[in-house]
Amino acid sequence: MRLALAEAELAVRGGDVPVGAVVLSADGTTVLGAGHNEREATGDPTGHAEVLAIRRAAAKAGEWRLSGCTLVVTLEPCTMCAGAIVQSRVDRVVYGARDEKAGAAGSLWDVIRDRRLNHRPEVIEGVLADECARLLTDFFRTR
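It should be emphasised that the depicted structure is a prediction, and the values quoted were computed from it without experimental measurement.

Comments concerning the environment of Thr79
Phase 1 of the analysis: Here Thr79 lies in helix α4 (residues 79-88).
Phase 2 of the analysis: Using a relative accessible area of 40% as the deciding quantity, one classes Thr79 as partly exposed.
Phase 3 of the analysis: In sequence terms Thr79 and Gly103 are 24 residues apart; their C-alpha atoms lie 7.1 Å from each other.
Phase 4 of the analysis: Not counting residues within four places of it along the chain, the set of residues in contact with Thr79 comprises Ala102, Ala104, Trp109 and Val111.

Topic: helix α5 (residues 129-141)
Phase 1 of the analysis: Its 13 residues place the ends of α5 18 Å apart at the C-alpha level, agreeing with the 18 Å of an ideal helix rising 1.5 Å per residue.
Phase 2 of the analysis: Of all the positions in α5, only Cys132, Leu135, Leu136 and Phe139 are classed as buried. Summarising the axial view, the buried residues of α5 lie within an arc of 90 degrees, below the 170-degree limit, and thus occupy one face. Exposed residues on α5 whose side chains face more than 90 degrees from its buried face are Asp130 and Arg141.
Phase 3 of the analysis: Those residues of α5 that are buried lie in contact with α1 (2-13), β3 (70-75) and β4 (92-97).

Overview of the layout of surface pockets
Phase 1 of the analysis: Computed from the structure, the largest pocket encloses a volume of approximately 380 Å³.
Phase 2 of the analysis: Taken together, 17 residues make up the lining of the largest pocket; nearest its centre are Val17, Val19, Leu75, Asp99 and Ala102.
Phase 3 of the analysis: The leading source of residues in the lining of the largest pocket is α5, at 3 residues.
Phase 4 of the analysis: Of the residues contributing to the lining of the largest pocket, the split by class is 8 nonpolar, 3 polar and 6 charged.

So, the packing of aromatic side chains
Phase 1 of the analysis: Scanning the entire structure with this criterion turns up 1 aromatic pair.
Phase 2 of the analysis: When the centroid spacing of 5.1 Å and the interplanar angle of 80 degrees are considered together, the rings of Phe139 and Phe140 count as edge-to-face.
Phase 3 of the analysis: When its relative accessible area of 8% is taken as the criterion, Phe139 is described as buried.
Phase 4 of the analysis: Residue Phe140 is classed as partly exposed on the basis of its relative accessible area of 46%.

Structural notes on the sheet that holds strand β1 (residues 20-24)
Phase 1 of the analysis: Strand order in the open sheet formed by 5 strands is β2-β1-β3-β4-β5, and the pairing between neighbours is mixed. The sheet terminates laterally at β2 (31-36) and β5 (122-125), the two strands that pair on one side only. Between one strand and the next, the sheet's axes are offset by a mean angle of 15 degrees, whatever the strand orientation.
Phase 2 of the analysis: Of the pairings in the sheet, the one linking β1 to β2 comprises 5 bridges and is antiparallel in character. What sits directly across from Leu24, in β2, is Val31.

Conventions we followed
- Residues numbered from 1 in each chain as written.
- Predicted model: local features only at pLDDT ≥ 70, side-chain atom pairs only at ≥ 80, totals over all residues.
- Heavy atoms only, no water.
- Helix = DSSP H or I, 4+ residues; strand = E, 2+ residues; numbered from the N terminus.
- Buried < 20%, exposed > 50% of the residue type's maximum accessible area, 1.4 Å probe, protein only.
- Contact = heavy atoms within 4.5 Å.
- Expected span 1.5 Å × (residues − 1).
- Arc of directions from axis to C-beta.
- 1 Å grid on protein atoms, 1.4 Å probe; cavity = no way out; pocket = protein on both sides within 12 Å on 5 of 7 lines; lining within 4 Å.
- Points joined across faces, edges and corners; volume = space filled by probe spheres on them.
- Nonpolar A, V, L, I, M, F, W, Y, C, P; charged D, E, K, R; others polar.
- Phe/Tyr/Trp six-rings, centres within 6.5 Å; stacked < 30°, edge-to-face > 60°.
- Pairing = 2+ DSSP bridges.
- Axes fitted to C-alpha atoms, helices over the stretch in contact; angles between N-to-C directions.

Following this line, the structure appears as structure tokens:
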């Protein structure tokens, strides 16, 4: 989560909401992909930390299936990111702060673990939640 928090700090420098994500290899020792929100910097509405980290991990792995991998993200994924997580076949999602307004991993929706889908990653929530939430609170307080 510390690596994801460092990514989130990079988003702030670009004027974006501080969310960071990393995709770890199946053994948990290698970062395959990392990202932070880049919507403002790129003008791309899909420029969410999770999507960027997944894209970079798939490029490094040489395939779209990220079986065995873990996605670590500072904020609970939204519906778009939850769909990308399911489609990429990530095995585990670890997130920090809950997103009661747009979360799709247990708060508002639970897309990631929806039994109707063909892939349901494990979800671990609340890792360094206070630090993750504080970064977001501080960002929006200055807005």
